[in-house]
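# Secondary and tertiary structure notes
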Amino acid sequence: LILLAGCLGGGPQPVSPADLPQLQAQLQRQPGNAALRVRYAAALFAAKRCDEAVTQARQAQQARPEEAGATLIVGECAEQANRYEEALATYRGFITGHPGAQGVAAVRAREQLALREYANQQARAALANEVRLAQQPGDPNTIAVLPLTISSPDSSYQPLARGLAQILISDLSLIQRFRLVERLRLTALLDELKLGQTRRVDPQ
């Protein structure tokens with residue numbers, strides 16, 4: 001909530017469900033105040049009333065499309081409903097459309113958190129359906145680039161492991177026919193596989 005309020009300017013101004021009556025009264029007097037409407041939406045979000053929070057946030061967006069706080073509320077409500085693709089589209093649309101807006105860094109950070117959680121969710125689903133997926137032919141145009149192994153006793157070369165991999169990713173992304181697996185998705189899948197090889201998981 002502090003993150004949401006900080007996007008409004010003037011420093012962090014946290015809100016809580018207890019503020020709803022006061023914010024609602026203020027909004028009745030100032031219906032065109034987009035920043036106030038976002039604070040009201042944030043209080044609704046804190047009260048776990050996401051449907052109402054999204055309605056208020058979208059109204060604020062209509063008045064001020066560059067309002068980052070409203071975007072965070074809409075996106076996080078989508079995340080809570082496990083609609084990660086919708087949440088990511090919301091964040092990315094704002095980042096692309098308003099790269100210089102106040103609070104865009106917070107939206108970008110939230111987009112990365114959502115992408116990580118979505119990748120973890122997909123990795124768990126993929127492993128749960130491992131037998132079925134193993135019977136499907138792979139796509140030869142889908143490529144994942146792993147960090148490279150640097151065989152050198154000189155530790156100063158170790159940062160090249162990811163640096164060279166990133167160069168490969170950048171070059172391959174220029175070839176339209178290839179579909180690159182995002183690093184976060186790949187990392188999430190590898191982490192799930194490693195977990196499955198420990199004694200913490202029941203093989204059944």
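Refer to the structure above for everything that follows.
Right, let's walk through the structure included here. Just so you know, these numbers come straight off a predicted model, no measurement behind them.

Analysis parameters
Sequence positions are assigned chain by chain, starting from 1 and proceeding in written order. Residues qualify for local features only when their pLDDT is at least 70, as the model is predicted, and side-chain atom pairs are given and counted only at 80 or more; totals for whole chains, interfaces and linings, by contrast, use all residues. Side-chain numbers here rest on the full set of heavy atoms in the structure, without hydrogens or water. Counted as salt bridges are all cases of a side-chain nitrogen of Lys or Arg within 4 Å of a carboxyl oxygen of Asp or Glu. Every helix listed is a DSSP run of H or I at least four residues long, and every strand listed is a run of E at least two residues long, numbered separately from the N terminus. For every residue, the accessible area (1.4 Å probe, protein chains only) is compared with the maximum for its type, and the residue is labelled buried under 20%, exposed over 50%, or partly exposed between those bounds. Expected span of a helix, by definition, is 1.5 Å for each gap between consecutive residues, and there is one gap fewer than residues. Between 30 and 60 degrees the pair is tilted, below 30 it is stacked and above 60 it is edge-to-face, where a pair is any two Phe, Tyr or Trp rings, Trp via its six-membered ring, whose centres lie within 6.5 Å. The axes used here are C-alpha line fits, helices contributing only the stretch in contact, and every angle between their N-to-C directions lies in the interval 0 to 180 degrees. Reported orientations rely on four angle classes, namely roughly parallel under 35 degrees, roughly antiparallel over 145, roughly perpendicular from 65 to 115, and oblique for the rest. Two helices that cross are described as forming a left-handed crossing if the nearer one is turned anticlockwise from the farther one by less than a right angle, and a right-handed crossing if clockwise. Whether two residues are in contact is decided by their heavy atoms: any pair within 4.5 Å suffices. Three classes are used: nonpolar for Ala, Val, Leu, Ile, Met, Phe, Trp, Tyr, Cys and Pro, charged for Asp, Glu, Lys and Arg, and polar for all others, with Gly counted as polar.

### Comments concerning the pattern of salt bridges
This structure, assessed with the given rule, holds eight salt bridges. Note that E111 and R92 form a salt bridge whose closest N and O atoms lie 2.9 Å from each other. With E111 in helix α7 (residues 104-128) and R92 in helix α6 (residues 84-97), the pair connects residues that are 19 residues apart, well separated along the chain. Overall, E111 belongs to the buried group, its relative accessible area being 8%. By relative accessible area, which is 32% here, R92 ends up partly exposed. Where R124 meets E117, a salt bridge forms, and the shortest distance between an N and an O atom there is 3.4 Å. Taking the relative accessible area as the measure of exposure, R124 reaches 40% and is therefore partly exposed. Each of R64, E66 and E67 takes part in a single network of salt bridges with overlapping partners.

### Observations regarding α7
Taking 1.5 Å per residue, 25 residues should reach 36 Å; α7 reaches 36 Å between its end C-alpha atoms and fits that length. For α7, the set of buried residues is V104, A106, V107, E111, A114, L115, Y118, A119 and A123.

### Examining the packing of aromatic side chains
What the rule picks out here adds up to one aromatic pair. With 5.8 Å between their ring centres and 15 degrees between their planes, Y84 and Y118 make a pair best called stacked. In this pair, Y84 is assigned in helix α6 and Y118 in helix α7, connecting sequence segments 34 residues apart. The class for Y84 is buried, based on a relative accessible area of 8%.

### Focus: the packing of helix α4 (residues 50-63) against helix α5 (residues 68-80)
Two elements in contact, α4 and α5, have axes separated by 8 Å at closest approach and are oriented at 150 degrees. By the angle between their axes, α4 is roughly antiparallel relative to α5. Here α4 and α5 pass one another in a crossing that is left-handed. Contacts between α4 and α5 pair C50, A53, V54, A57, R58, A60 and Q61 from the former with A70, T71, I73, V74, C77 and Q80 from the latter. Its residues assigned to classes, the contact of α4 with α5 comprises nine nonpolar, three polar and one charged.

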